[in-house]
Amino acid sequence: MDDMDFIELDGVEKVFDVRRKTGFMRRERREVRAVDGISFRVPRGEMVGYIGPNGAGKSTTIKMLTGILTPSGGRLRVAGIDPSRERTKLAHRIGVVFGQRTTLWWDLPLRDSYRLMHRMYRIPDSRYRENLDRCVELLDLGALLEVPVRQLSLGQRMRGDIAAALLHDPEVLYLDEPTIGLDVISKAKVREFLRDLNAERSTTVLLTTHDLTDIEQLCKRVMVIDHGRLVYDGALAGLHEVGESERTLVVDLERELPPIELGSEPSVRVVKVEGPRQWLAFPASASAAPLVARIAAGYPLVDLSVREPDIESVIAKMYVSDPAL
Amino acid sequence: MAEIQAERTAAPPPVVFSERSRLVEGVRAYGLIVAMWLRSTMAYRASFVMTTVGNFVSTAFDFVTIMLMFAHVDVLGGFTLPEVALLYGTSATAFGLADLVLGSMDRLGRRVRDGTLDTLLVRPVPVLAQVAADRFALRRLGRITQGLLVLGYALVTLDIAWTPVKVLMLPMMVLSGAAIFGAVFVVGAAFQFYAQDASEVQNAFTYGGTTMLQYPPTVFAKDLVRGVTFVVPLAFVSWLPALYVLGRDYPLDLPRWVAGLPPVVAAGCWVLAGLAWRVGLRSYRSTGS
Ligand SMILES: Nc1ncnc2c1ncn2[C@@H]1O[C@H](COP(=O)(O)OP(=O)(O)OP(=O)(O)O)[C@@H](O)[C@H]1O
Ligand SMILES: [Mg+2]
């Protein structure tokens, strides 16, 4: 294993056998291909976003990367270790945060959970102190340490969980929807924390989320998965080209006029008219300047602005245009 | 050069993982988790005392029932009250020990169903230890206490010609018996990977089994006795060794030496239990959300 192949997947599959009762003593067997031949590499120290619609197979991938689930096919290595075969050995080197459920002990104060992790992972005392102090400070946990986990709010618990996943200095951190249900301030805090973690300790981070702002603010690289297949792997910016995205030009005219006509320009179209204001969509790859010049030449232009494509709609388009559908 | 060496050793040591045997790791983790639950139980001392007394009283009712029976008869299936007390005391203590150590495992089914077992699988210690130690309930000492009291009563009132073998037989049967019951708990837990209400079936063997063992084998049908001897070997928990101590006849014309078998039977049960657990855990497939 070298640092370029810190996380390695080759044609990884996970098939669930789902049995459904269809009548008295009758059962129907169905295969769900949750992950359907995924291959990628993540170098050490990279921060990657892993996104896709509901049921795409994101959580299933993470469960295979942690050793919770055994792949049905393909090859998978994390730090050179086969997760499902050497699960406990790998556990020392990874941290996991499930947004949907806590890894903390429900009935115990946060501090007790941390103490137990300290002993369980055999974290040297000085490292433990240092890591705990850092997390408490950056994630604002000071006032929560003595509170039983079940009394914490969702956002507080999530911060507690993130700290718990990092006490043993994991080399890689998996986050499955870490910002689910967080308010704006908590989200910002968590993102800043993750960015620092990645920058200062070069912890490898794999993050799933439905909030694309997380990806925009944290990850240079993004992988899009749909129906268990990888449909995009590359820079966030590149998504625009793949998704055939459009920018929007908003123009304010002097008075209410019929939709702007630019006969020779088929790729530009008016998408909305509201009084003197009109919205024109044009390819994200095209420059806005000639377009503006032409409108100004033919129409009484008062004001204008350009809106960048909304990453969310780009990805939404990608999901539906998936050939596997 | 020497200075560099010194500096190296002074740097914080990395978290070292060595391949310790899983058993040692499991026992250690079990101890850590139990210690934590004890600390949190002791924070509510009054509640601990009350639940322990409750556990003591509710389990002691079993023996009260037996005493009430002896108010009407002098012997039960050919056994006197002190003799039955010996059977009762040994099996109740053995079961109490197993229940104290592994009784929490009947919550596994729920963890499998709702997928929270996931969180135990990402920790670096055996899952069995984590499941067994979860919510360790010290109040179960109540059952052990009443078992020991009844055992004490039996030893005081019985007139036994003690030999070294008979003396050794007592701790041996309690510990082996606890191990046999413990193995049944683990097998029951393994079945919870497949059927979430398997804990009910398991309870039939554990709680039901211990109730059965509290009576002499002579009051039960032969087939039932055969079942708990050869299929689910609960007879080795207390019946056979206790009958040896009492110098009474064995059921099913078994040879005298079977009284020494409980440790062997316990070891065999644990091998099977370990296998069943492994197969069960491997079948775990988490949940979709
Ligand atoms: N334990 C399981 N048993 C059966 N089917 C499962 C199981 N886990 C996941 N699935 C199925 O596999 C597919 C992928 O699920 P997965 O949880 O990986 O999706 P996801 O990308 O995490 O979705 P979401 O965004 O909703 O969290 C879904 O169709 C789901 O129904
Ligand atoms: Mg998911």
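What counts as what
- Residues numbered from 1 in each chain as written.
- Chains lettered and ligands numbered in written order.
- Predicted model: local features only at pLDDT ≥ 70, side-chain atom pairs only at ≥ 80, totals over all residues.
- Heavy atoms only, no water.
- Helix = DSSP H or I, 4+ residues; strand = E, 2+ residues; numbered from the N terminus.
- Buried < 20%, exposed > 50% of the residue type's maximum accessible area, 1.4 Å probe, protein only.
- Contact = heavy atoms within 4.5 Å.
- Areas by Shrake-Rupley, 256 points an atom, 1.4 Å probe, with all protein chains shown as cover.
- Lys, Arg positive; Asp, Glu negative; His and termini not counted.
- Charge placed at Lys NZ, Arg CZ, Asp CG, Glu CD.
- Near = heavy atom within 4 Å.
- Polar contact = N/O pair within 3.5 Å; in protein donor to acceptor, adjacent residues only side chain to side chain.
- Nonpolar A, V, L, I, M, F, W, Y, C, P; charged D, E, K, R; others polar.
- pLDDT = per-residue confidence, 0-100.
- Pairing = 2+ DSSP bridges.
- Axes fitted to C-alpha atoms, helices over the stretch in contact; angles between N-to-C directions.
- Arc of directions from axis to C-beta.

Q: Would you explain the overall build of chain A in this entry?
A: Scanning chain A from terminus to terminus reveals ten helices and 13 strands. Dimensions of chain A along its principal axes, counting C-alpha atoms only, are 75 × 55 × 50 Å. Relative to its 325 residues, chain A shows a buried fraction of 52%. Taking as baseline every contact in chain A between residues at least 6 positions apart, the subset at least 24 positions apart corresponds to 70%. Carbon and sulfur atoms form 48% of the exposed surface of chain A, whose accessible area is close to 14900 Å². One way to put it: in chain A the 46 positive side-chain charges average out to a point 8 Å from where the 49 negative ones average out.

Q: Help me understand the site of ligand 1, please; the structure alone is not making it clear to me.
A: In the neighbourhood of ligand 1, 17 residues make up the surrounding shell, with A:Gly55, A:Lys58, A:Ser59, A:Thr60 and A:His210 lying closest. Per-site note: the chains with residues close to ligand 1 are chains A and B. Separating an oxygen atom of ligand 1 from a backbone N or O atom of A:Gly55 is a distance of 2.8 Å. A distance of 2.7 Å separates an oxygen atom of ligand 1 from a polar side-chain atom of A:Ser59. Protein chains bury 80% of the 640 Å² of accessible surface belonging to ligand 1 in isolation. Elements with a minimum of two residues in the shell around ligand 1: strand S2 (26-42) and helix H1 (58-66) of chain A. If one sorts the elements of the shell around ligand 1 by residue count, H1(A) sits on top with three residues. When grouped by side-chain class, the residues that make up the shell around ligand 1 number five nonpolar, nine polar and three charged.

Q: Please explain the confidence of the model for chain B as it appears in this structure.
A: Interpretation of the predicted coordinates at a detailed level should be avoided for regions scoring low in pLDDT. All names here are of chain B. When pLDDT is averaged along chain B, the result is 85; 93% of the residues meet or exceed 70. Between the elements of chain B, mean pLDDT differs from a low of 41, seen in helix H1 (residues 2-10), to a high of 94, seen in helix H7 (residues 127-133). Ignoring residues within four places in sequence, the model shows residues 1-19, a span with pLDDT below 50, making eleven contacts including any to other chains. Scoring of the predicted complex yields 0.82 for pTM and 0.79 for ipTM.

Q: What exactly am I supposed to notice about the side chain of B:Thr52 here?
A: Residue and element names in this part refer to chain B. Tracing the backbone through its elements, the reader meets Thr-52 in helix H3 (residues 45-70). For Thr-52, a relative accessible area of 15% puts it in the buried group. A polar side-chain atom of Thr-52 sits 2.7 Å from the main-chain carbonyl oxygen of Phe-48. Ignoring any residue separated from it by four or fewer positions in sequence, one finds Thr-52 in contact with Arg-139, Leu-141 and Gly-142.

Q: Help me understand the sheet that holds strand S10 (residues 246-253) of chain A in this model?
A: Each strand in a sheet pairs with another by means of backbone hydrogen bonds, the pair being arranged parallel or else antiparallel. All names here are of chain A. One open sheet accounts for four strands, arranged S11-S12-S10-S13; its pairing is antiparallel. Of all the strands in the sheet, just strand S11 (269-274) and strand S13 (301-307) have a single pairing partner and so form its edges. Each adjacent strand pair in this sheet contributes to an overall mean axis angle of 20 degrees, direction not counted. Across five bridges, the pairing between S11 and strand S12 (residues 277-283) is antiparallel. Among the inter-strand pairings, Glu-274 is bridged to a residue of S12, identified as Arg-277. Its contacts with the sheet place helix H9 (residues 289-298) against S10, S12 and S13, and it is angled at close to 25 degrees to S10.

Q: Quick question: what am I supposed to make of H9(A) here?
A: In an α-helix, one turn spans 3.6 residues, which is why side chains three or four residues apart end up on the same side. Residues and elements named next belong to chain A. Taken together, the buried positions of H9 are occupied by Leu-291, Val-292 and Ile-295. For H9, the buried positions fall inside an angular range of 95 degrees around the axis, keeping them on one side. Seen from the buried face of H9, the exposed residues on the opposite side, beyond 90 degrees, are Ala-289 and Ala-297. Elements that come into contact with the buried residues of H9 comprise S10, S12 and S13.

Q: Is there a simple way to think about the sheet that holds strand S9 (residues 229-235) of chain A in this case?
A: Residue and element names in this part refer to chain A. Pairing is mixed in the open sheet, where six strands are placed in the order S5-S6-S7-S3-S8-S9. Two strands lie at the open edges of the sheet, namely strand S5 (94-98) and S9, each paired on one side alone. On average, each strand axis in the sheet is inclined to that of its neighbour by 15 degrees, with strand direction left out of account. Two strands pair when backbone bridges link them, and S5 and strand S6 (residues 172-176) are joined in this way by five bridges, in the parallel orientation. From the neighbouring strand, Phe-98 faces S6, where its bridge partner is Asp-176.

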